[in-house]
Amino acid sequence: MSTPLEMVSKDATLEEAATLMTDSEISALVVSTDPPSIITSTDIVAAAADGHAPTDLQVSDVMTKSVETVPPDLYLQQVAAMMTNFGIKHLPVTDGDDYIGMVSSTDVAAQLS
């Protein structure tokens, strides 16, 4: 799990989100919305492939809305099963209403190897 959790505003540009990901050496950010949303490096690459400049779009234009979350005590096998079943690579970790980290498919693979 990556901690501390990096978050971004839905009003940030894709350039700002990409810079935060690069500076933090991560590939996904939780977007501060209710319910929670997420933006990944894949979302930003897809927007670029569609011909959009990273300064022309906001995070809200490409983010995935209402994402699944997991509690910190969920077994790794359950996290892996959720990722497989939902076809996702990142899950925000929550403790009640508080975001405490992000678990990625890379984290799961590292723990299982």
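Everything discussed here concerns the structure shown above.
Since the model is a prediction, treat every value here as computed from it, not as a measurement.

> Just checking my understanding: could you explain the overall build of the protein chain for this structure?
Each helix and strand in the protein chain was counted, giving 5 helices and 5 strands. Ordered by position in the sequence, the α and β elements of the protein chain form the string β-α-β-β-α-α-α-β-β-α. Buried positions account for 36% of the 113 residues belonging to the protein chain. If you take every contact in the protein chain between residues at least 6 apart in sequence, the share linking residues at least 24 apart comes to 51%. Counting only carbon and sulfur atoms, one obtains 49% of the accessible surface of the protein chain, whose full area is about 6,600 Å².

> Explain a negative patch on the surface here, please?
The grouping of Asp34, Asp73, Asp95, Asp97 and Asp98 at the surface amounts to a negative patch. With respect to the helices, strands and loops of the structure, Asp73 is situated in the loop between α3 (59-62) and α4 (76-86).

> Please clarify how the pairing of strand β2 (residues 28-31) should be interpreted in this entry.
Each regular strand carries side chains that alternate between the two faces of the sheet. Of the two faces of β2, the one carrying Ala28 and Val30 and the one carrying Leu29 and Val31 are both buried. Where strand β1 (residues 7-8) meets β2, 2 bridges bridge the pair, whose relative direction is parallel. When the bridges of β2 are listed, Met7 appears paired with Val30. Following the chain from β1 across helix α1 (residues 14-24) to the adjacent parallel β2, one finds a crossover that is right-handed. Of the strand pairs in this sheet, β2 and strand β3 (residues 37-40) are connected by 4 bridges, and their pairing is antiparallel. Paired with Val31 across the strands is Ser37, a residue of β3.

Calculation criteria
Here the residue numbers are simple positions, counted from 1 along each chain's written sequence. Local features in this predicted model are restricted to residues whose pLDDT is 70 or higher, and side-chain atom pairs enter the listing and the counts only when it is 80 or higher, whereas totals over whole chains, interfaces and linings include all residues. To get the side-chain values, all heavy atoms of the structure are used, and hydrogens and water are removed first. A run of DSSP states H or I qualifies as a helix once it reaches four residues; a run of E qualifies as a strand once it reaches two. Both are numbered from the N-terminal end. Using a 1.4 Å probe on the protein chains alone, a residue whose accessible area is under 20% of its type maximum counts as buried, one over 50% counts as exposed, and one in between counts as partly exposed. By the convention used here, residues are in contact when the closest approach between their heavy atoms is within 4.5 Å. Under the convention used here, a 1.4 Å probe and the Shrake-Rupley method define accessible areas, while residue burial counts only the protein chains that appear. Patch membership requires over 30% relative accessible area and the absence of a salt bridge. Like charges are linked within 9 Å, and nonpolar side chains (Val, Leu, Ile, Met, Phe, Trp, Tyr) within 5 Å. For this analysis, a salt bridge means a side-chain nitrogen from Lys or Arg found within 4 Å of a carboxyl oxygen belonging to Asp or Glu. Neither His nor the chain ends contribute to the count of charged residues, in which Lys and Arg are positive and Asp and Glu negative. In plain terms, the charge of a residue is placed at NZ if it is Lys, CZ if Arg, CG if Asp and CD if Glu. For two strands to pair, DSSP has to find at least two bridges joining them. Call a crossover right-handed when, viewed with both strands pointing away from you, the route from the first strand across the helix to the second goes clockwise.

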